[in-house]
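Structural features, examined
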Amino acid sequence: MNNVIKGAACALLLSACATVEPEGPKATAVVRPASGSQVHGEARFTQIGSRVRVNAEIAGLSPGLHGFHIHDKGDCSAADGMSTGGHFNPLSKKHGAPTMPDRHAGDLGNLTADEYGKATLALMVDGISVSKGTDGVVGRAVIVHANADDLKTDPTGNAGGRFGCGVIE
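Overview of the structure. Bear in mind the structure is a predicted one, so any value in this text is a computation, not a measurement. Residue positions are counted from 1 within each chain, in the order its sequence is given. Totals for whole chains, interfaces and linings use all residues, but because this is a predicted model, local features are given only for residues with pLDDT of at least 70 and pairs of side-chain atoms are given and counted only at 80 or more. Side-chain descriptors were evaluated using all non-hydrogen atoms of the structure, hydrogens and water having been removed beforehand.

Things to note about the environment of His 87
Our working definition: The helix count covers DSSP runs of H or I at least four residues long, the strand count covers runs of E at least two residues long, and both are numbered beginning at the N terminus. Only protein chains enter the accessibility calculation, which uses a 1.4 Å probe; a residue is then buried when its area is under 20% of its type maximum, exposed when over 50%, and partly exposed in between. Pairs of residues are marked as contacts when any of their non-hydrogen atoms sit within 4.5 Å. Whenever a nitrogen or oxygen atom comes within 3.5 Å of another N or O atom, the pair is scored as a polar contact, on the condition that within protein one atom can donate a hydrogen and the other can accept it, and that pairs from neighbouring residues in sequence are kept only if both atoms are in side chains.
By the element assignment, His 87 lies in the loop between strand E4 (64-71) and strand E5 (107-113). A relative accessible area of 12% places His 87 in the buried class. Each C-alpha atom, one on His 87 and one on His 71, is 4.2 Å from the other, the two residues being 16 residues apart in sequence. Residues contacting His 87, with those up to four places away along its chain left out, are His 69, Ile 70, His 71, Asp 72, His 95, His 104, Asp 107, His 145, Pro 155 and Thr 156. A polar atom in the side chain of His 87 sits 3.3 Å from the backbone oxygen of Pro 155.

Right, dumping it as structure tokens:
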């Protein structure tokens, strides 16, 4: 291989490595049933640079879409999940889809449950961090809702009752 090709190959490899951001802090929420449901599972949060990777595996759902949000308070003590307060929204924005720049920080969209009631989610989001800071999710809660989030109705997404709750730790 001549030196020009070797140099180009090395430059390409170095630039590819330079764009990979290391994983930062991690947190997990163990989701337990609320409102008499059978919903359970886990949501994991990993800081990747300025974004957060959210991975969730939830079971015990009815087939179809279910709203999935980070709520303000890390308190799952109420049987109906209402002790978590509203959606995490430190910048006082309107409700929206996780891909929209103008949305609650806690708007994670919908989980899609299969015919067996199982759902997985893999999502990268902006506007939150894996910390206890102003935009931090540690010490807050995730909620799995009974219905689909319509991604527009403010402030709840019209997602219905709270069927699963887990504190992010």
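With respect to the state of the cysteines
In plain terms, the rule: Pairs of cysteine sulfur atoms within 2.5 Å are identified as disulfides in what follows.
Going through the model one piece at a time under the given rule, you end up with 1 disulfide. In this model Cys 76 forms its disulfide with Cys 165; the gap between the sulfur atoms is 1.9 Å. Disulfide Cys 76-Cys 165: the torsion about the S-S bond is -80 degrees, which places it as left-handed. In this pair, Cys 76 sits in the loop between E4 and E5 while Cys 165 sits in strand E8 (residues 162-167), placing the two residues 89 residues apart along the sequence.

Quick look at the environment of Lys 152
In this fold, Lys 152 is placed in the loop between strand E7 (141-145) and E8. For Lys 152, a relative accessible area of 62% puts it in the exposed group. A sequence separation of 56 residues divides Lys 152 from Gly 96, and the C-alpha atoms of the two residues are 5.1 Å apart.

Observations concerning the nonpolar core
Most often, soluble globular proteins keep nonpolar side chains buried together rather than apart. Note the threshold: Working definition of a nonpolar core: buried Ala, Val, Leu, Ile, Met, Phe, Trp, Tyr and Cys residues. They are joined through side-chain atoms within 4.5 Å.
Within the largest apolar cluster, 28 residues are counted, with the highest numbers of intra-cluster contacts made by Phe 45, Val 54, Phe 68, Ile 70 and Val 142. Secondary-structure elements contributing two or more residues to this core are strand E1 (23-33), strand E2 (40-48), strand E3 (51-59), E4, E5, strand E6 (119-125) and E7. Apart from residues no more than four positions distant in its own chain, Ile 70 is found in contact with Phe 45, His 87, Phe 88, Gly 106, Leu 108, Ile 128, Val 137, Arg 140, Ala 141, Val 142 and Ile 168.

Focus: the pairing of E1
Stated precisely, the cut-off is as follows: At least two bridges found by DSSP between two strands is the condition for calling them paired.
Taken together, the 7 bridges between E1 and E2 define a ladder with antiparallel strand orientation. Looking across to E2, one finds that Val 30 is bridged to Glu 42. The antiparallel hairpin formed by E1 and E2 contains 6 residues in its connecting segment, where Ser 35 sits at a positive phi of about 55 degrees. Note that E1 and E8 share 2 bridges and pair antiparallel. Looking at E8, one finds that Arg 32 is bridged to Cys 165.

Keep in mind these numbers describe shape, not what the thing actually does.
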